Amino acid sequence: MNKRFWTSTAIRAVRTVAQTAVALIGTNAVGITDVNWVGVASGAALAGIVSVLTSVATGLPEVAEVEDADVS
């Protein structure tokens, strides 16, 4: 777990948060006032946490590929 790992993990988590927010906003919202912003923020934050935990538990293929290439 080096700097490259944590940078890749952060990028992946931010993308996951954004994708989750877009998905949650798009359901049943007609106008900006119809969006349950607390629910969107809560769901997106949870998705970000799960993304980080998954990266820690399983690793990141893109980091492993770069590290394998560095060794060769």
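Keep in mind that what you see is a predicted model, and the values were worked out from it rather than measured.

Novice: Where do I start with the side chain of Ser51 in this structure?
Specialist: Among the structural elements, Ser51 can be located in helix H2 (residues 37-58). What Ser51 contacts, discounting residues up to four positions off in sequence, is Arg12, Ala13 and Thr16.

Novice: Sorry if this is basic, but what is going on with helix H1 (residues 3-25) here?
Specialist: Because each turn of an α-helix spans 3.6 residues, side chains separated by three or four positions end up pointing in the same direction. Counted at 1.5 Å a residue, the expected span for H1 with its 23 residues is 33 Å, and the 33 Å between its end C-alpha atoms agrees. Taken together, the buried positions of H1 are Phe5, Ser8, Thr9, Ala13, Thr20 and Ala21. At the N-terminal end of H1, a side-chain oxygen is found 3.2 Å from the backbone nitrogen of Arg4, two or three residues along, and the residue is Asn2.

Novice: Would you mind going over H2 with me for this structure?
Specialist: When the terminal C-alpha atoms of H2 are compared, their 31 Å separation across 22 residues agrees well with the 32 Å that a helix rising 1.5 Å per residue should span. Those residues of H2 that sit buried are Val40, Ala44, Ala47, Gly48, Ser51 and Ser55. Within H2, the buried residues cover an arc of 100 degrees as seen down the axis, which keeps them to one side. Turned more than 90 degrees away from the buried face of H2, the exposed residues are Val38, Leu46, Leu53 and Ala57. Looking at the packing, one finds that the buried side of H2 touches H1. Immediately downstream of H2, the backbone of Gly59 shows phi near 85 degrees, a positive value.

What counts as what
- Residue indices begin from 1 for each chain and proceed along its sequence in written order.
- Two thresholds apply to this predicted model, a pLDDT of at least 70 for residue-level local features and 80 or more for giving and counting side-chain atom pairs, whereas whole-chain, interface and lining totals are computed over all residues.
- Side-chain calculation: all heavy atoms of the structure are included, whereas hydrogens and water are not.
- Helix and strand assignments come from DSSP, with helices taken as H or I runs of at least 4 residues and strands as E runs of at least 2, each series counted from the N terminus.
- Contacts were defined at the residue level, with two residues in contact if any of their heavy atoms lie within 4.5 Å.
- By this rule, a helix spans an expected 1.5 Å times one less than how many residues it contains.
- Residue exposure (1.4 Å probe, protein chains only): buried if accessible area is under 20% of the type maximum, exposed if over 50%, otherwise partly exposed.
- Any N or O atom pair separated by 3.5 Å or less is treated as a polar contact, with the protein-specific requirement of one donor-capable and one acceptor-capable atom, and with residues adjacent in sequence counted only for side-chain atom pairs.
- The directions considered for the arc are those from the helix axis to the C-beta atoms.

None of this, on its own, says anything about what the molecule does.
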